[in-house]
Amino acid sequence: MNSKTTEKDIVIDIQKIKNDFPILKRQIRDNKLVYLDSGASTQKPIEVINAHTEYFNQINSNIHRGLHTLAEEATNAYEKTRTHIAKFIGGVKTCEVIFTSGTTESINMVAYTWGEANISEGDEIVLTDMEHHANLVPWVMLAKRKNAIIKRIPITDDGRLDLDDIDSIITEKTKLVAVTHMSNVLGTLNPIKQLAEIAHKNGALILADGAQSAPHMPVDVLDMDVDFFAFSAHKMLGPTGVGVLYGKENILEKMPPFNMGGEMISEVSFDRITWAELPHKFEAGTPNIAGVVTFDTALTYLENIGMENIHAYETKLTAYTIDKLLQIDGLKIQGPNNSINRGGAISFTDKNLHPHDISTFLDSKGIAIRAGHHCAQTLMKRMGTIATARASLYIYNDEADIDALYDALIAMRKYFGHE
Amino acid sequence: MSENLDDMYREIILDHYKAPRGKKPLEDKNVTSDGHNPSCGDELRMELKVDNKNNIADVHVNCKGCAISVASGSMLAEFIKGKSLEEVKAISEQIKKMLKGEESTITEDIGDLDSLKGVRQFPVRIKCALLAWVTLIEGVDKFEGNGTDSSSTTSTE
Ligand SMILES: Cc1ncc(COP(=O)(O)O)c(C=O)c1O
C-alpha cells in the first residue's frame, strides 16, 4: 500500500497537527519538548482532551443498566466507539469487537479462555523472536500449565522474520501462531497475511499483536485473515486503560468467558448461569466508559488525516531518521536499516554508551526517547545487546525533531568523550 | 527528571567511567561475586583477595553497564583496597544510605565517592550506583559465611 502512495500524495499539515497537541508546547528545562516516545504512549490532541471532559460534563453514567437519559446516552456513545472500531479495522461485525484495558489484557483474555480450552499436552504454539512480553509471557505460562511446546520463528541479523524454515516451524501440531504485526523494538512490519495462510493451512489459528501497527497504518483484519487482533488506545491518541480484542465471531462464540460478574450474564440462578451474547460475554463489570467514549474522537482525528497518509508520512520520516542516525560514528541501528516494510520505531545502540546514559543526556536537551529492554528481553538476547535506545515517531514529529535528536547525539558523544 | 545533568555526570564520575580502576582480573583471589540489574542489563563481576588479617589486599571490578554503574564500581575498587572487611562493610552500608537519601553518619573523608551523591536527583539511576556496593556486600557475606573461596550472584532489584 505504501508503494502506491507517492511522495506528492502525502498531505499532512504538520504545523496544524503540532498545534493540536498542547503538551508539545511544554518546555523541559530550557528546551522545547521533542517527544520521540510514541511507541510507549502517544500524546493527545486537544479534541481528545476536550472529549474526555465533555463526557464527564454531559453524559457520565453507567452503561447498559439504567433506563434514564444519561444511561442511554452513555451507552450509545460507548457503542458508537465499538461501531467505529469495527469499521476502522476493516469492516468487521460489532459483536467481534471486545473492549479490554489494553493489548496486554486482550492477549491474556485469549490465553486464558481460548488457550485453556484448546491447548493440550504436546500442542505447539508458535511465537517469534521479536515478541513484546505481552505476547510472550501469557503463551509461555499457558504452555507450562498444559505441557505444550513453544516454537519460535527466528529473525535475521537485520531484524526481519526468517521464514526459510517456516514449514518445519508451523506444522499440523501447531494450534496457534501469535506474532506481532509490527515490532516495538525493531520497527519491522511482519507479513501477517502470509503467516495467516500458513497457519490456517495447518489448522492453526493466528493472533496478531497490533499495538504498534494499528496506530500507524491502515489495518484490515479481514484481508489479513487473522483470528485475533489486539491493540491499545493509548498508543493511538486515545486514553490509557482502553484496548481492543478483535476475534472472529465463530471462535468467540465457542470461547468461555474471562472475567465473571455483572454485564456478562444472561440469566443467573444458583444452579444455572447462561452467558450474555457477544461481545458482552467478555465485558464483565463496569468498563472504562470515559476512555472508550473518548477513543472515538481519537479515531476520528486519525481518519481525518487518513491512515494511508499517516503511514506514508511516517515512512518518509523514518527514512530521514535512519539516514541521519547512520551518519553518526559508532551508532548502530538495531533493526532494518531502510524504511521498507518498517514503521517508525527506531532502536539504536552506541558502541561506547549505555542506552540509559543516552536517554538521560537527551532528556537534558528536552528530548524524550525510551531506553531499556522494551519488554523484549528475549529479543535483546538475540541481538546480542542488553538494551537499546529507541526513538519512535508519530504524526506530530517532523524533520526538525530528528535534527534536534541528531544534534543532541553529537553533543552527547562529545560530553562523554567519545567524539 | 533532573535539575542538572552535570550534577550527576560530575567530572570525577566521567573520569572513573572513562578509565575504570581495578580493571585487571586477579590471579590470586578468594571471593568472586556477580551482580546485575535486570532492568538496565548492567552486569558486574567483582573479585577480591582477602588476606589472612581480613584485609582486602586486592580487588578487581568489571562492569558492563552505564556510566554511573561503571564509575561507582571503579570508585569502589579504588576505595576499598587495603581496608579491613569490617571497614568495608561499614562504608558499604553508609554509601547505600547516602544514595538512598537516608541519613548517613559518614565522618571520614570518602574522597571521590562523595560525588555519587548527585545521582540522588535521578531516582531511576540510583540502582546503577548501588550495583557495585550490593555486589560487594554479598561477596563479603558469602566469604564470612564459609571463609573459603566463595561465589555469589546478586541483583539490586
Ligand atoms: C508490540 C506491543 N505489544 C504489546 C504491548 C502492550 O501494550 P499495553 O501496555 O498497552 O497493554 C506493547 C506496548 O508497549 C507493544 O509495543
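For clarity, every value in this text was computed on a predicted model and none was experimentally measured.

Brief notes about the sheet that holds strand S10 (residues 243–247) of chain A
Residue and element names in this part refer to chain A.
Phase 1 of the analysis: On the basis of which strands lie adjacent, the open sheet formed by seven strands has the order S4-S10-S9-S8-S7-S5-S6 and mixed pairing. Since the sheet does not close on itself, it has two edges, and those belong to strand S4 (97–100) and strand S6 (149–153), each with one partner. Neighbour-to-neighbour, the strand axes of this sheet turn through a mean angle of 20 degrees, independent of strand direction.
Phase 2 of the analysis: Pairing analysis gives four bridges linking S4 to S10, with the strands arranged antiparallel.

Some points on helix H7 (residues 192–201) of chain A
Within an α-helix, residues lying three or four positions from one another point in the same direction, as the helix has 3.6 residues per turn.
Residue and element names in this part refer to chain A.
Phase 1 of the analysis: Residues of H7 that are buried: Ile192, Leu195, Ala196, Ile198 and Ala199. For H7, the arc enclosing every buried residue in end-on projection is 165 degrees, short of the 170-degree limit, so these residues lie on one face. H7 presents Glu197 and Lys201 as exposed residues on the side facing more than 90 degrees away from its buried surface.
Phase 2 of the analysis: On its buried face, H7 is in contact with S6, helix H6 (166–169), strand S7 (174–180), strand S8 (205–209) and helix H8 (221–224).
Phase 3 of the analysis: Where H7 ends, the next residue or the one after it, Gly203, has phi of about 80 degrees, a positive value.

Overview of the interface of chain B and chain A
Phase 1 of the analysis: At the interface, 22 residues of chain B touch 18 residues of chain A.
Phase 2 of the analysis: Connecting chain B to chain A are one salt bridge.
Phase 3 of the analysis: Put simply, Asp357(A) and Arg125(B) hold a salt bridge, and the shortest N to O gap is 2.7 Å.
Phase 4 of the analysis: Taken together, the links from chain B to chain A amount to nine residue pairs in polar contact (both at pLDDT 80 or more).
Phase 5 of the analysis: When contributions to the side of chain B that touches chain A are tallied by element, the ones reaching two or more residues are helix H1 (5–8), helix H2 (11–18) and helix H3 (67–80) of chain B.
Phase 6 of the analysis: When grouped by side-chain class, the residues that make up the side of chain B that touches chain A number 12 nonpolar, four polar and six charged.

Observations regarding helix H4 (residues 103–118) of chain A
Phase 1 of the analysis: For H4(A), which comprises 16 residues, the first-to-last C-alpha distance of 21 Å matches the rise-based estimate of 22 Å (1.5 Å per residue) to within 8%.
Phase 2 of the analysis: Of the positions making up H4(A), those classed as buried are Thr103(A), Ser106(A), Ile107(A), Asn108(A), Met109(A), Val110(A), Ala111(A), Thr113(A), Trp114(A) and Gly115(A).

Things to note about the pairing of strand S1 (residues 31–37) of chain B
Residue and element names in this part refer to chain B.
Phase 1 of the analysis: Here S1 lies mainly inside the structure; five of its seven residues are buried.
Phase 2 of the analysis: Of the pairings in the sheet, the one linking S1 to strand S2 (residues 42–50) comprises seven bridges and is antiparallel in character. The residue of S2 that forms the bridge with Asp34 is Arg45.
Phase 3 of the analysis: Linking S1 to S2, which pair antiparallel, is a turn of four residues; within it Gly41 sits at a positive phi near 85 degrees.

Describing the domain arrangement of chain A
Residues and elements named next belong to chain A.
Phase 1 of the analysis: Assigned domains of chain A: these are domain 1 (7–46 + 307–415) and domain 2 (49–303).
Phase 2 of the analysis: For domain 1 versus domain 2, the separation of C-alpha centres amounts to 27 Å.
Phase 3 of the analysis: Facing the 43 residues of domain 1 at the interface are 36 residues of domain 2.
Phase 4 of the analysis: Per-residue buried area on domain 1 facing domain 2 is highest for Met307, Leu379 and Arg382; these three make up 21% of the total on that side.

Quick word on the nonpolar core
Side chains of nonpolar character tend, in soluble globular proteins, to be buried together.
Phase 1 of the analysis: In terms of nonpolar packing, the biggest core is built from 154 residues, with Phe229(A), Phe295(A), Ile395(A), Leu409(A) and Leu48(B) touching the most fellow members.
Phase 2 of the analysis: Looking at which domains feed residues into this core, each of domain 1 (7–46 + 307–415) and domain 2 (49–303) of chain A gives three or more.
Phase 3 of the analysis: Non-local contacts of Phe229(A), meaning those with residues more than four positions away in its chain, are made with His181(A), Ala208(A), Gly210(A), Ser213(A), Ala214(A), Val219(A), Val221(A), Met224(A), Val244(A), Leu245(A) and Tyr246(A).
Phase 4 of the analysis: Among the nonpolar cores identified, the runner-up in size contains 27 residues, and Leu127(A), Trp139(A), Leu252(A) and Phe282(A) belong to it.

Structural notes on the environment of Leu245(A)
Residues and elements named next belong to chain A.
Phase 1 of the analysis: The topology assignment puts Leu245 in strand S10.
Phase 2 of the analysis: Judged by its relative accessible area of 0%, Leu245 falls in the buried class.
Phase 3 of the analysis: Through-space distance from the C-alpha of Leu245 to that of Phe282 is 9.8 Å; in sequence the pair is 37 residues apart.
Phase 4 of the analysis: What Leu245 contacts, discounting residues up to four positions off in sequence, is Glu96, Val97, Ile98, Thr100, Ser106, Met109, Val110, Phe228 and Phe229.

Calculation criteria
Residues numbered from 1 in each chain as written. Chains lettered and ligands numbered in written order. Predicted model: local features only at pLDDT ≥ 70, side-chain atom pairs only at ≥ 80, totals over all residues. Heavy atoms only, no water. Pairing = 2+ DSSP bridges. Helix = DSSP H or I, 4+ residues; strand = E, 2+ residues; numbered from the N terminus. Axes fitted to C-alpha atoms, helices over the stretch in contact; angles between N-to-C directions. Buried < 20%, exposed > 50% of the residue type's maximum accessible area, 1.4 Å probe, protein only. Arc of directions from axis to C-beta. Contact = heavy atoms within 4.5 Å. Salt bridge = Lys/Arg side-chain N within 4 Å of Asp/Glu carboxyl O. Polar contact = N/O pair within 3.5 Å; in protein donor to acceptor, adjacent residues only side chain to side chain. Nonpolar A, V, L, I, M, F, W, Y, C, P; charged D, E, K, R; others polar. Expected span 1.5 Å × (residues − 1). Domains from an automatic or database assignment. Buried area = accessible area lost by both parts, 1.4 Å probe. Core = buried A, V, L, I, M, F, W, Y, C linked by side-chain atoms within 4.5 Å.

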